[in-house]
Every structure is written in structure tokens, then in C-alpha cells.
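# Secondary and tertiary structure notes
Below, each chain spelled out in residue letters.
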Amino acid sequence: MRKTWMLIGLFLYITASIAQENDREELGRLQTGAVVTFVKNTKNEWGIDISGGSAPNILQEKPVQIEVYKSSEDIFLLDAGYKTIKRSASGIDAFTEMVDNENVVFRVQDRWSVDGAIVSVKRKVEVSENAQGGFNSSLLFNIDTCISWSDMNCMIPGALYGDPTYNGDRSVCGKINYEAHRLIMREDIIPAPLAALSFKNGSSVSLLDPAPQGASTVEETKLTKNVMIDSRFLFGAIEVRQTAGNPIMFGFRFPGSMSITPFGAMTAVKPRRIQRFHPISQGVVHEYEINLRFGQNEPFRDVIRSSWRWAWNTLKPTVPPIDVELVRRVLIDHLVSQANVIDGRTGIPFAVATFDTNQLQWNRTMTAMGFVSKNIECADQLLREGDRDTTKRGQKMRKIGLGIISSMINALNTVPLQATGYDLATGKPWTGDRQEWLAPWLRNATEDMRVLMRAYRRERAHGIQHPEWFNWVKQYADWLLPHQREDGSFPRRWKAGSNDVEEPTGTTSYCPVPLLVMISEETGDSKYQQSAIRAAEYIWTNFGSRGLFVGGASDNPNITDKEAGMLSLEAFLSLYESTKDTKWLERAKTAADFSESWMWIWNLPMPVDADNSMLHWKKGVPTIGLQGITARGPGGADEYLDWSAPSYAKLYKYTNDQHYLDVAWILLHATKSMVALPGRQYDLKGIGWQQEGWSLGPNRNGRGVGGHRFWLPWISANHLYSITGLEELDPVLYKRIIK
């Protein structure tokens, strides 16, 4: 009898063990130690569990979620686990079917695989028959309930770098959405379809669409309707959100919906939900893939680097190389042709139309330093070309370059500065509209003065002295030092011709650092270098150490932006070169990693039904290399970052990190895609023109159309410096990189 009970007990134990094993199916083990497992729920359906590593557990009992739209009053969610799973050579294939209220069957096949630290899911949805309405599907994962919203930092390139404080209240990743625990980001407005969550213990999980398609229509990208159904919508959306009493959800929806808070002081705070669906019809193509990358032992700023490089290596951005020397000649010839001379004063207008027009521009005699006008930097490029070309062409460029510099010094010869620009027609401060554009911004003055010091050194090396250049810059630097505050910061802006501060925030204290370093080297007085170090320490302590840089674009209200990263990169590199202290090199890498994450590394197609003649960014032109501008307006793009091509080449030389040279290559070759060249003038009025920016994301003008069609001097200055700065840095490397 005893033996019988023992046999029964052993049978029950073995049976329970088999049942337990049959309730779990391991997909694979990640490099972090976490195990990806299919787990049966109480409804005998398979869900996903990712646990065991340093990252929080990630669970989804119902991996398949399909939102069905019948009408504005009839929207419902179908969600389920997998009915069957089957092991394949590459991983596990999972299947389920769901039926809506009209007996339409949605057949879902997900292919799961594990490779190193990456979990990959490829989804395909088929519809059994035609019916009214539309649908989308999502893969959303629940993060362990022990993690609260405040326990993580989120990075979405060009949109969010942990802290939303400087993103603008109403931006997609601004304070309103962030505090509502609602981040929904369409992939067509960000440089890479990527989001990363970083946790306090140094673990992280990142999500990437490794094969983005991005297709849409003109009407859809203008956001004219809250709900649209179309099989041509081939863009997804990344979601990070949390509703009351529920865990944080992290995942991907296709086609992509979004939540926006309209801009404007008088507009409501209530978000506008923009929903996109595929038609419920046989033959509709509903396929996409997402990858999850799990990291460990990384602070947030390193998560920015590692997740971005993962995206880079997955998407493999590349473009055909340009004829660099042709582009150089086209750009410099175009630049010199824009110079105006009025009563002996020489300058380049603030903005010029890229299209044929007889209408006089209201700001045609406005001329300025730094930021978007860069008159002294334009002059520097003309002087450089004059050094290369001793013919009458080069002599003309030298004359105009010297004229621009002397005119600027004469017009702004008193400190405190009356402005950072003037009226070319009068030689006096600008009194027309938008006087704030020429205000005494810290950035605008120090940016062009730094370039002037560089030109001063080069001219001196050629035996030509310009003491008036140095004296003007030093006079400004000596005025600036007493304005440095105890914490090392400088104000962002002053009142015209005054010591009174107009904008006290210290976010742009990186701006004067390279200038002060050069003044210290020229004078031998260490007080300038010490001031530069204190300013850079302020930026690192308050922003850079968190992987965040703020306030670069003078015309924006102190917003997180790529230009802040670019200028911080210059500041840290200048201190590394001056002090040889490697901490500045490490900080330069952080600024570079932040800045490059604003750069498009995938090709976003223009609307499939667009009339190419109506587009500013033309069909078939690669969007790789374009960059987002500020976190306040994700989807807006320009080519400003190509100015930093020499800095990334420097980082390559100093660190031997090939990736930085790859970035420099893209910035040199990819960023001139919309410059009018011989044989590809587009619809611009002549060779050498390019408009300032474009919209890639959905907006009232639609994808591929910019807010205006004007050329500003920074365009040519930055394009040219990506060439001349590389050549000056290392002629051998330059010859290698232009090929």
C-alpha cells in the first residue's frame, strides 16, 4: 500500500513538473542575464516575461492589442495573448486570432528572437474580409510596478533628454505631457525612431524601429483631421505613458497616433488626439518590426550614447559623396555675390529670398554677428578663399571680407554693445522690426568674435597685423569678465548699450569659453582662462553631467536644442586643447553625443501624393544628415550641425573613435543635399541658394515644406566651415574624408 501511494505521489510530481514546464517556454537569455520567456496566463494564452537581469521586470500578458475604429462613438480595443507558439530556427513564432463585432478576423503572427542584448519582434497582421472602419496595432510592455515615473529618465532624440523643463510647456515632450505621464512620439518627427528608458540602478531598455518606412500623404501630414484611415500610412509611434493606478507602458503603435497640446496663450491645455488607422480590408499590408536593447551599468548620459550608436549601427546611415571642391566654389561665389556696400559700409543681409521676387525685403539692410547672420564668419570664409586664390576673384573676396569686418567694428565700437548688428543703410543701430534679433546676446557677440580672433591669428601668420581687431575683441572680453557671477555663469542677454541684464539665465555660459581661452593665450593673462574654466564648470555641473544642453538658439525662449550641444562641444574642446586635462575631452564627448543625436539617420519619404513642385524638400533627396532644431518643435529641421564637422574630426583624432569620423563624414557630405548646384538647381532662383529649414514632421504646412523660403548667411558660413575647418585641422585627413 505504501509503495502504491509513493508511486502515485511520484506520478503527480512528474505530472505537475511537466505542466509547469508546458506553461513556460524560454525564448533566450540576454547578455544582461535576463531571460525572455513565454508564459501562459489563466486564459491559456501566452504572454511575455523579461526578467532576471538588472533592469526592471517587463511583462505583457496580452502582447497583441488592436484598436478598432468604426466611428467617433465606436472605438474599441481587442487584446489577447498568443493562442499558439512554435519554435523556429531563429526563435519563436507566436500566433493569435481576434474577432471584432462584425466577425472580421484579425490574424496576427509575431516572430520573436534574441541576439545578445537585443530582443526582436516582427509583426504581421492579416484581415479576413472587408468591413467599415479602420484599425491599428500595438506592442506595449508593462514595466515592473515598483518603478514610478520619477524613477526613470527618458531619451527621445531631438525631443527629450531626461528633463522636460526646457522643452516648452506644450511641445510633444514638454512639461504638460510629461507631467501627465503621456509621451507619444510619431517616428516621422524624430532623427531616429528610438526611445530609451534609463533607471536609477544603471540599467536601461531602448526601443528602435530598425526598418522605418515613414510614408504618408499630404493631407495627413497637415493634421487637418483628427481621425484618418489609409493604407498608405506607414509610420509608427513610440509610446511611454502611464494611467492612474497602472504600471508604466512602453512600446510601439502602427500606424502612429499622437497627442498634441496646441500652442498659443489663449488655447486650451486639453490635448488633441490625432489617430491614424489602416482600412479593415483584405490585402492591406500591416507589417513592422521593433527591437528592444537592454543595457546595464550606464549613467543616463551614457545611455544617450549607447542607444544612439545602437540605432546608428542598425540603420547604417549613408549618402553618395558630393564633389566637395565644386560645392566649395559654388558656395563661396554665391556668398560674395550677396554682399552689399552702402556709403562705404559692407555687409551681408540678414535674409534673402531664394525665389524670384521684385518685392523689397523689409530687413534687406539688417546685418549682424553670430547665430544666423554670422557676418564676421562669412568675412572669414572670404578671406580664406582670398588666400587660396590670388587672381582678381580672390582679391575681390579679400576686399569684401575686410570691409565686412571693419564696418562691423566701426558700427559697434562702444562697450557695452548697443547691439550685435546694425542697419547697413545708416551705420547705426537697427530701428526697424524685430530689434530683439540684434540685441546684445552673449552668443551672437562671442561667436563671431571668436572667429575674428582665429582670422587675426591666421593673418598675423601671413605677416599682416590687425591690432584694431584684437583691441575690439579684448575690450569686449574685459567688459564681459565682471559680469560673470559667483557660480561661473554669464547672463544670456543684456539691454542695448547697458550693463543691465535683460535675460539672466546662465544656460549659454558655454558661449564665451573659446573666446576667453584665446584671449588668455594672446595676453598671457590666466584670468581669462580661469573665467572660461568657471563658465564651463557651471555648464557641466548644471546641464552636461545630466546629458542635457540648453539655450543655444537665441530666438527661442531658452529651449533644449542641438546648438547648445554644438557650442558646449567647442567650449570643452578649447579647454582640453589649452589645459590638456582629459576631463574636458570626456565632457566634449558627452556634448558631441548629445548633438549628433539630433541628426536624421534614416530616410523619410516625402508624401506619396505630393506635387514635387510644391515641396521645398524634393522627393528622392535623402533626409539623412538633416537635424532637428529644438525640443520645442520636433520635426523642424535644418543643416546647422555641419559646422561641427571639424569638431567631430578632432574627437576622432583625440580619441581614435572611428564613429566620430563617421559623423564628420555625414556632416560633410549629407548636409548639402538641397544646395542648388549645376545640374540640380531645384526650383531655386540660381546656383548656390538654399533655404533655411524644412518641416519633416506633421504640421499645418505638411511634410517637406518650410516655414519660409529665405537664405540666411549662416547657411553658407556653416557649409563652408565644414570644408575649410576640416582642411585647416588636418589636410591629409581632409583629402581622405572628401573622397
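Our subject in this report is the structure included herewith. (Residues numbered from 1 in each chain as written. Predicted model: local features only at pLDDT ≥ 70, side-chain atom pairs only at ≥ 80, totals over all residues. Heavy atoms only, no water.)

## Looking at the sheet that holds strand β30 (residues 627–628)
Spatially, β30-β31-β32 is the arrangement adopted by the three strands of the open sheet, whose pairing is antiparallel. A single partner strand is all that each edge strand has here, and the edge strands are β30 and β32 (694–695). Of the pairings in the sheet, the one linking strand β31 (residues 636–638) to β32 comprises two bridges and is antiparallel in character. Bridging from a neighbouring strand, alanine 637 pairs with tryptophan 694 of β32. (Pairing = 2+ DSSP bridges. Helix = DSSP H or I, 4+ residues; strand = E, 2+ residues; numbered from the N terminus.)

## Side note on the packing of aromatic side chains
Per the stated rule, a full pass over the model turns up 30 aromatic pairs. Between the aromatic rings of tryptophan 112 and phenylalanine 141, the centroid separation amounts to 6.3 Å while the plane-to-plane angle is 85°, which identifies the pairing as edge-to-face. On the criterion of sequence distance, the pair formed by tryptophan 112 in strand β9 (residues 105–115) and phenylalanine 141 in strand β11 (residues 134–143) is long-range, its members being 29 residues apart. For the pair shown, tryptophan 112 and phenylalanine 141 are each scored as buried. Measuring from ring centre to ring centre gives 5.2 Å for phenylalanine 549 and phenylalanine 594, while their planes differ by 65°; the resulting arrangement is edge-to-face. Here phenylalanine 549 is found in the loop between α11 (526–542) and α12 (562–579), whereas its partner phenylalanine 594 is found in helix α13 (residues 582–596), with 45 residues between them in sequence. Phenylalanine 594 shares its class with phenylalanine 549; the two are buried. Each member of the aromatic cluster is reached from another via a ring pair, and the members are Phe38, Tyr82, Trp112 and Phe141. Lying over the aromatic face of tyrosine 660, arginine 309 brings its terminal NZ or CZ to 5.0 Å of the ring centre. (Phe/Tyr/Trp six-rings, centres within 6.5 Å; stacked < 30°, edge-to-face > 60°. Buried < 20%, exposed > 50% of the residue type's maximum accessible area, 1.4 Å probe, protein only. Lys NZ or Arg CZ within 6 Å of the ring centre and 35° of its normal.)

## Description of the nonpolar core
The biggest cluster of nonpolar side chains holds 159 residues, and the ones touching the most others in it are Trp472, Tyr476 and Phe572. Per element, the largest residue contribution to this core is nine residues, and it comes from α12. Those residues in contact with tryptophan 472, other than ones at most four positions away along the chain, are Met369, Ile376, Met408, Ile409, Leu412, Asn413, Met449 and Leu452. Ile48, Ile66, Met152 and Val284 belong to the second-largest nonpolar core, a separate cluster that totals 66 residues. (Core = buried A, V, L, I, M, F, W, Y, C linked by side-chain atoms within 4.5 Å. Contact = heavy atoms within 4.5 Å.)

## Comments concerning the packing of α11 against α12
Two numbers describe how α11 lies on α12: the axes approach to 11 Å, and their chain directions differ by 135°. Considering the angle they form, α11 stands oblique to α12. The way α11 lies across α12 gives a crossing that is left-handed. Only Ser568, Phe572, Leu575, Ser578 and Thr579 of α12 make contact with α11, whose side of the interface consists of Gln529, Ala532, Ile533, Ala536, Ile539 and Trp540. Residues that form the contact of α11 with α12 fall into these classes: seven nonpolar, four polar and no charged. (Axes fitted to C-alpha atoms, helices over the stretch in contact; angles between N-to-C directions. Parallel < 35°, antiparallel > 145°, perpendicular 65-115°, else oblique. Left-handed = near helix turned anticlockwise from the far one by under 90°. Nonpolar A, V, L, I, M, F, W, Y, C, P; charged D, E, K, R; others polar.)

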